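Secondary and tertiary structure notes
One-letter residues, chain by chain:
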Amino acid sequence: RTRPSRVMTESAMDAEFFGAPAWAWVQLCAAVFAISTAGVMFQQLPHVPPLLLASWRMQATALLLAFGAAREWRVADGDVRARWFKTWPRLGFSGVCLGAHFGAWVAGLQTTTLARSLLLVCTTPLFLAFGALALCLPTSAGELAGAALGFCGVAMVASDRHDGERETATWQGDVLSLGAAFYIVGYMLVGADVRRWMPLCMYAGPVTAVAALSTATVSYLVEDTEGSGGVLGWAFSGVSSYFLVTMYLALVPGLVGHTGYNAVLKHISPLVVSTSLTMEPLLGSALGYAVGLADAPGWRTGVGGVIIVASIVAVIVAKGRN
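In short, a report on the structure. Everything numeric here is computed off the predicted structure, so don't read it as measured data.

A word on the overall build of the protein chain
Across its full length, the protein chain holds 16 helices and 2 strands. Expressed as lengths along the three principal axes of its C-alpha atoms, the size of the protein chain is roughly 60 × 50 × 50 Å. Here the protein chain holds 322 residues, and the buried ones make up 47% of them. Residue pairs at least 24 apart in sequence account for 83% of intrachain contacts in the protein chain once pairs closer than 6 positions are excluded. Only carbon and sulfur atoms are counted for the fraction: they give 68% of the accessible area of the protein chain, which is about 15800 Å². Across the protein chain, the 19 positively charged side chains and the 18 negatively charged ones have centroids separated by 11 Å.

Describing the pattern of salt bridges
Any two side chains of opposite charge can pair, on the condition that their charged atoms come close. Summed over the entire model, instances satisfying the criterion amount to 3 salt bridges. With a shortest N-O distance of 2.5 Å, R90 and D193 are connected by a salt bridge. With R90 in helix α6 (residues 88-111) and D193 in helix α10 (residues 171-194), this pair connects stretches of sequence that are 103 residues apart. Look at R90 and you get partly exposed, because its relative accessible area is 37%.

A word on the packing of helix α2 (residues 22-36) against helix α13 (residues 240-264)
It is at 8 Å that the axes of α2 and α13 come closest, and there the two elements cross at 145°. When the axes of α2 and α13 are compared, the crossing they make is left-handed. Along its contact with α2, which presents A24, Q27, L28, A30, A31, V32, A34 and I35, the element α13 presents V252, P253, V256, G257, H258, G260, Y261, A263 and V264. Among the residues making up the contact of α2 with α13, the classes are represented as 13 nonpolar, 4 polar and no charged.

Concerning a nonpolar patch on the surface
On the surface, V218, Y220, L221 and V222 cluster together to form a nonpolar patch covering roughly 450 Å² of accessible area. Positionally, Y220 belongs in helix α11 (residues 200-222). Residue classification places Y220 among the exposed residues on the basis of a relative accessible area of 56%.

What to know about helix α9 (residues 141-158)
Taking 1.5 Å of rise per residue, 18 residues should cover 26 Å, and α9 covers 26 Å from first to last C-alpha, within 8% of that figure. Among the residues of α9, those classed as buried are E143, G146, A147, G150, G153, V154 and V157. The buried residues of α9 all sit within an arc of 115° when viewed along its axis, so they share a single face. Structurally, α9 contributes buried residues whose contacts are with α7 (114-121), α8 (124-134), α10 and α16 (299-321).

What about the nonpolar core?
Grouped together as the largest cluster of nonpolar side chains are 55 residues, with contacts concentrated most on F42, W56 and W105. Every residue in contact with W56, bar those within four places of it in the chain, is listed here: L45, V48, S228, G230, V231, L232, G233, W234, Y242 and T246. Judged by nonpolar contacts, the second largest core, of 10 residues, contains A20, L28, V32 and V273.

Quick look at the packing of α8 against α10
Direction vectors running N to C along α8 and α10 enclose 65°, while the axes themselves pass 8 Å from each other. Both α8 and α10 take part in a crossing whose hand is right-handed. Residues T124, F127 and L128 of α8 form the contact with α10, whose participating residues are L178, A181, F182, I184, V185, M188 and L189. By residue class, the composition of the contact of α8 with α10 is 9 nonpolar, 1 polar and no charged.

Here we look at the environment of L53
Tracing the chain through its elements places L53 in helix α4 (residues 50-75). Owing to a relative accessible area of 1%, L53 belongs among the buried residues under this scheme. For L53 and T113, which are 60 residues apart along the polypeptide, the C-alpha to C-alpha distance reads 18 Å.

A look at α2
Between its first and last C-alpha atoms α2 spans 22 Å; for 15 residues at 1.5 Å apiece the expected length is 21 Å, and the two agree. What α2 keeps buried is the set A22, A24, L28, A31, V32, A34, I35 and S36.

Describing the packing of aromatic side chains
The final tally for this structure, using the stated rule, is 12 aromatic pairs. A centroid spacing of 5.3 Å and a plane angle of 70° characterise the contact between W73 and W84, whose relative ring orientation is edge-to-face. With W73 in helix α4 and W84 in helix α5 (residues 78-86), this pair connects stretches of sequence that are 11 residues apart. Each ring, one from F130 and one from F151, has its centre 5.6 Å from the other, and the planes form 35°; the classification is tilted. One end of the pair, F130, is in helix α8; the other, F151, is in helix α9, with 21 residues separating them in the sequence. Owing to a relative accessible area of 25%, F151 belongs among the partly exposed residues under this scheme. Ring pairing ties together the aromatic residues F127, F130, F151, F182 and Y183, which thus form one cluster. Lying across the ring of W197, R83 places its NZ or CZ 4.1 Å from the centre.

Regarding the side chain of S94
For S94, the location among the structural elements is in helix α6. The buried category is assigned to S94, whose relative accessible area is 0%.

Reading guide: rules and limits
- Per-chain numbering applies: the sequence of each chain, read as written, is numbered from 1 onward.
- Predicted model: local features are reported for residues with pLDDT of at least 70 only, side-chain atom pairs are reported and counted for 80 or more only, and whole-chain, interface and lining totals are derived from all residues.
- With hydrogens and water stripped out, all remaining heavy atoms of the structure feed into the side-chain values.
- Secondary structure elements follow DSSP: runs of H or I of four or more residues count as helices, runs of E of two or more count as strands, with numbering from the N terminus.
- Throughout this description, buried means an accessible area under 20% of the type-specific maximum (1.4 Å probe, protein chains only), exposed means over 50%, and partly exposed covers the range between.
- Here, two residues are considered to be in contact whenever any of their heavy atoms come within 4.5 Å of each other.
- To measure how exposed things are, a 1.4 Å probe is used in the Shrake-Rupley method; for residues, cover is taken only from the protein chains shown.
- In this charge count, Lys and Arg are treated as positive and Asp and Glu as negative; neither His nor the chain ends contribute.
- Where a charge lies is defined by one atom per residue type: Lys uses NZ, Arg uses CZ, Asp uses CG and Glu uses CD.
- By definition here, a salt bridge exists when the distance from a side-chain nitrogen of Lys or Arg to a carboxyl oxygen of Asp or Glu is within 4 Å.
- Between the N-to-C directions of two axes lies an angle of 0 to 180 degrees, each axis being a line fitted to C-alpha atoms and, for a helix, fitted only over the stretch in contact.
- Definitions for this section: a left-handed crossing has its near helix turned counterclockwise from the far helix by less than a right angle. A right-handed crossing has that turn clockwise.
- Note on residue categories: nonpolar means Ala, Val, Leu, Ile, Met, Phe, Trp, Tyr, Cys or Pro, charged means Asp, Glu, Lys or Arg, and polar means any other residue, Gly included.
- Candidates for patches are residues over 30% relative accessible area with no salt bridge; among them, like charges are joined within 9 Å and nonpolar side chains (Val, Leu, Ile, Met, Phe, Trp, Tyr) within 5 Å.
- A helix is expected to span 1.5 Å multiplied by its residue count minus one.
- Note: the arc covers the axis-to-C-beta directions of the helix.
- Within this scheme, the nonpolar core is defined by two criteria: the residues are buried Ala, Val, Leu, Ile, Met, Phe, Trp, Tyr or Cys, and they are joined through side-chain atoms within 4.5 Å.
- Two rings from Phe, Tyr or Trp (for Trp, the six-membered ring) form a pair when their centres sit within 6.5 Å of each other. Planes less than 30 degrees apart are called stacked, planes more than 60 degrees apart edge-to-face, and all others tilted.
- A ring is considered to have a charge above it if a Lys NZ or an Arg CZ atom is located within 6 Å of its centre and within 35 degrees of its normal.

Written out as structure tokens, the structure is:
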């Protein structure tokens, strides 16, 4: 017989709050926190070259996604499989964009402050708004105003030359973090199109594998990877911290975070889910300060950060209304 306490727990989790099941809100909160820990965890391995570290993260995530992709492939019909093969060039492009995003972001994390990097890497909606205008796509005045406001916030953050005891801000790291926000645009645009018919892991698995291969190749060509155990150092170097940090990045920010976001989209408005992403800079910076990896940001970074977050929310809301 089913225990009454278990029945009450299940019914409570299925109860709706603001139009969505309670479990969906719990999963969204878990996803926000999981993704917010990524910056701090990348900084646990500061001596690993950035492209190599980004490749490790992609390698581990691709291995985990392979199981889901194989299961989805088995149940996919012939039409989906045929369309999947025809989409390979776009999947490859998306993977290169994803690899460039993580490579630039990890490099930014290693060369500027945690708070600045987290704020700048979240400016993708601002690039999307101006990109839509450049491509003559329908763009509202609210989106453009929000994007313009956001880049004013970026300028204020960039003008803050406050250096703390643990971190040093550099314009190179700021540019890399902004570049990471720009590079992910290709990944998002391809995903928004093909995910209308392609299962999640059949998209994310190959794309992440291409990202791992591209970052590993560039890392092998331009970085000194031998001191970190080589391209597969996270798995075969024998350094436990390499394996543990990489697997954490794949499991928690990767699966709990990004996969969690995709899962709750069936129950919670994309507008709410997208807006929740703006919590990452705040939570990530607070976590970095709490564990002693980051300094408190300067006042310009704080004010500029508020402007950036507000502008991103404005762009998302304007896009939703449009």
